[in-house]
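If you want the building blocks of each chain, they are given just below.
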Amino acid sequence: MDPSNQFSEEIEKHFVRLRDSQASIENALKYQYSNEPLEGTNNKIKVLKHTAYGFGNFNNFRLRIHLMFKLKKGAVT
């Protein structure tokens, strides 16, 4: 296979992907909404779960999440 032809095919794939994602890209630039805070929260919980290797029961795990995010008792059910 010709290396320049392979390069052209890769470029074409990227342009197709960019064109298919155009509406999403425009919306991301137009609106200032983001799921970043939620993704960060999920990541922290996953790291806690990984480092804890399982708590004795779910209530201990839930209490640790409350402590981590300084939530008031009963905020998450």
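Above this text you will find the structure in question.
Peer 1: Would you take a moment to explain the overall build of the chain for this structure?
Peer 2: The helix and strand inventory of the chain stands at 4 helices and 0 strands. Sorting the 77 residues of the chain into buried and exposed places 5% on the buried side. Surface summary for the chain: the accessible area is close to 7300 Å², and the carbon and sulfur share equals 56%.

Peer 1: Even after reading the chapter, I still don't get the pattern of salt bridges, so can you show me in this structure?
Peer 2: Any two side chains of opposite charge can pair, on the condition that their charged atoms come close. For the structure on display, the rule yields 1 salt bridge. Between Glu 10 and Lys 13 there is a salt bridge; the shortest N-O distance is 3.6 Å. Residue Glu 10 and its partner Lys 13 are both found in helix H1 (residues 3–20); the two are separated by 3 residues, about one turn of the helix.

Peer 1: Any chance you could explain the packing of aromatic side chains here in plain terms?
Peer 2: How two aromatic rings sit relative to each other is set out by the distance from centre to centre and by the angle between their planes. In this structure the tally under the stated criterion is 1 aromatic pair. Ring centres of Phe 58 and Phe 61 lie 6.3 Å apart, and the angle between their planes is 55°; this geometry places the pair in the tilted category. Linking Phe 58 with Phe 61, this pair stays in helix H4 (residues 58–69), spanning 3 residues, or about one helical turn. Taking relative accessible area as the criterion, Phe 61 reaches 15% and is therefore assigned buried.

Peer 1: Just to check I follow, could you spell out helix H3 (residues 36–52) for this structure?
Peer 2: An α-helical turn contains 3.6 residues, so any two residues separated by three or four positions project in the same direction. Compared with an ideal rise of 1.5 Å per residue, which puts 17 residues at 24 Å, H3 spans 24 Å between its outermost C-alpha atoms and is within 8% of the ideal. Immediately beyond the C-terminal end of H3, within one or two residues, lies Tyr 53, with a positive phi of roughly 50°.

Peer 1: Would you take a moment to explain the packing of H3 against H4 for this structure?
Peer 2: Angle between the axes and distance between the axes: these two values describe a pair of packed helices. Axis separation between H3 and H4 bottoms out at 11 Å; the angle between their running directions is 130°. As the angle between them shows, H3 and H4 are arranged oblique. Judged by the sense of rotation from one axis to the other, the crossing of H3 with H4 is right-handed. Contact with H3, carried on its side by Thr 41, Lys 44, Ile 45, Leu 48 and Lys 49, involves Phe 61, Arg 64, Ile 65, Met 68 and Phe 69 of H4 and no other residues of that element. When grouped by side-chain class, the residues that make up the contact of H3 with H4 number 6 nonpolar, 1 polar and 3 charged.

Peer 1: Looking at this model, I keep getting lost on a nonpolar patch on the surface. Mind explaining?
Peer 2: A cluster of nonpolar side chains, Phe 7, Ile 11, Phe 15, Leu 18, Ile 25 and Leu 29, forms an exposed patch at the surface whose accessible area comes to about 640 Å². By residue number, the principal contributor to the nonpolar patch is H1, which donates 4 residues. Of note, Phe 7 is situated in helix H1.

What counts, and where the lines are drawn
Residues numbered from 1 in each chain as written. Predicted model: local features only at pLDDT ≥ 70, side-chain atom pairs only at ≥ 80, totals over all residues. Heavy atoms only, no water. Helix = DSSP H or I, 4+ residues; strand = E, 2+ residues; numbered from the N terminus. Buried < 20%, exposed > 50% of the residue type's maximum accessible area, 1.4 Å probe, protein only. Areas by Shrake-Rupley, 256 points an atom, 1.4 Å probe, with all protein chains shown as cover. Salt bridge = Lys/Arg side-chain N within 4 Å of Asp/Glu carboxyl O. Phe/Tyr/Trp six-rings, centres within 6.5 Å; stacked < 30°, edge-to-face > 60°. Expected span 1.5 Å × (residues − 1). Axes fitted to C-alpha atoms, helices over the stretch in contact; angles between N-to-C directions. Parallel < 35°, antiparallel > 145°, perpendicular 65-115°, else oblique. Left-handed = near helix turned anticlockwise from the far one by under 90°. Contact = heavy atoms within 4.5 Å. Nonpolar A, V, L, I, M, F, W, Y, C, P; charged D, E, K, R; others polar. Patch = residues over 30% accessible without salt bridge, like charges linked within 9 Å, V, L, I, M, F, W, Y side chains within 5 Å.

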